[in-house]
Amino acid sequence: MKLGITLVFSFIAFVSHADENIPDSIELEGKFKFSMRDDSGQSHFESYIESPSELTSASTCTIQITADDDYYNTYPVEINLFTVDGEIVPFIQAKSLYIDENSRYWNKTIHSASLSIADFIADDKTWNQDTIKGNYMLFSPSLDIGQLAFHHITLGQPLKIELTKQGKPSQVTINVPPLTAKVASFARKCLKLIDVSI
């Protein structure tokens, strides 16, 4: 019995000590991915697209940023142009997920998020914020502003994302190098096609 109690307290001390070693703020490097859906609902991913000429229609354009820290957290962020009932809805979606020892994902609440490209900023002061099913959402106040955010990324500008979240690390900065020329051309073509479809 004493051995069991000792092991429990040792484990609690280990977990507490491990949490103390996690910094309050971290800076990560993120990676871009591009995907889209055409008018028929079929998905297309950058790794399977040979040329922008293969893309003939678009109902959704998505640029995803992925970043992982050294403390079992992953931070997926998406910039979306989504067609709903014939209208384009531009929005940014961010998550903070903790991966436990059983490979289960636990959602950590994001309190604020901002995305900046050159002099363009999207945050809860300039865009409309909401939380939907644990996802932090920023909705563009207009179609033009949402398309501008998407367009800026395709022009080879680096991107910076700043998150304030539940638990350590509570301040997360993600720096993302510019899109490759090939992926930028896919994103520009998708932007053009989705604009034509409305």
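The written sequence of each chain sets the order in which its residues are numbered from 1. In view of the model being predicted, local features appear only for residues whose pLDDT reaches at least 70, and side-chain atom pairs are presented and counted only at 80 or more, with totals across whole chains, interfaces and linings using the full set of residues. With hydrogens and water set aside, each side-chain value is computed from the structure's full complement of heavy atoms.

**What to know about the pairing of strand S12 (residues 128-132)**
Note the threshold: Pairing between strands requires that DSSP locate at least two bridges from one strand to the other. Only DSSP runs of H or I covering at least 4 residues are called helices, and only runs of E covering at least 2 are called strands; the numbering of each starts at the N terminus.
Alignment of S12 against strand S13 (residues 135-139), held across five bridges, turns out to be antiparallel. Of the residues in S13, the one forming a bridge with Ile132 is Asn135. If you look at the hairpin formed by S12 and S13, you'll find two residues sitting between the two strands, and Lys133 has a positive phi there, around 50°.

**Quick notes on the sheet that holds S13**
Across a sheet, strands are paired by hydrogen bonds formed along the backbone, either parallel or antiparallel in direction. For clarity, the cut-off: Lines are fitted to the C-alpha atoms to define the axes, a helix being fitted only along its stretch in contact, and any angle between axes, read from their N-to-C directions, falls within 0 to 180 degrees.
Spatially, seven strands are ordered S3-S2-S4-S6-S7-S13-S12 in an open sheet, and the strand pairing comes out antiparallel. Of all the strands in the sheet, the pair left with one neighbour each is strand S3 (43-45) and S12. The sheet shows a mean angle of 25° between the axes of neighbouring strands, direction not considered. Here strand S6 (residues 77-84) pairs with strand S7 (residues 87-94) via eight bridges, running antiparallel. Bridging from a neighbouring strand, Leu81 pairs with Pro90 of S7.

**Let's talk about the layout of surface pockets**
Over the atoms, a rolled probe matching the size of one water molecule traces out where space is still vacant. To keep it simple, the criterion reads: Residues are said to line a cavity or pocket when one of their atoms sits within 4 Å of a point; the points come from a 1 Å grid over protein atoms alone, cavities being sets where a 1.4 Å probe fits but cannot get out and pockets being open sets with protein on both sides within 12 Å along at least five of seven lines. Grid points are joined across faces, edges and corners, and a volume is the space filled by probe spheres set on the points. Gly counts as polar in this scheme, as do all residues outside two lists: the nonpolar Ala, Val, Leu, Ile, Met, Phe, Trp, Tyr, Cys and Pro, and the charged Asp, Glu, Lys and Arg.
In this structure, the second largest pocket encloses a volume near 180 Å³. Together, Ser35, Met36, Arg37, Ser43, Phe45, Thr60, Thr62, Glu78, Asn80, Phe82, Phe91 and Gln93 line the second largest pocket. When residues of the lining of the second largest pocket are traced back to their parent elements, those giving at least two are strand S2 (31-37), S3, strand S4 (60-66), S6 and S7. Partitioning the lining of the second largest pocket into residue classes produces four nonpolar, six polar and two charged.

**A closer look at helix H2 (residues 143-154)**
Basically, it comes down to this: Here the expected length of a helix is defined as 1.5 Å per residue gap, with one fewer gap than residues. Working definition: with a 1.4 Å probe on protein chains only, accessible area under 20% of the residue-type maximum means buried, over 50% means exposed, and in between means partly exposed.
For H2, which comprises twelve residues, the first-to-last C-alpha distance of 17 Å matches the rise-based estimate of 16 Å (1.5 Å per residue) to within 8%. For H2, every residue scored as buried is listed here: Gly146, Gln147, Ala149, Phe150, His152, Ile153 and Thr154.

**Details of the state of the cysteines**
Using the following cut-off: The disulfide criterion used throughout: a pair of cysteine sulfur atoms within 2.5 Å.
Scanning all chains against the criterion turns up one disulfide. Each sulfur in the disulfide pair Cys61 and Cys190 lies 2.0 Å from the other. Disulfide Cys61-Cys190: the torsion about the S-S bond is -100°, which places it as left-handed. Of this pair, Cys61 sits in strand S4 while Cys190 sits in helix H3 (residues 181-197), and the two are 129 residues apart along the sequence. The class for Cys190 is buried, based on a relative accessible area of 0%.

Geometric values such as these leave the question of function open.
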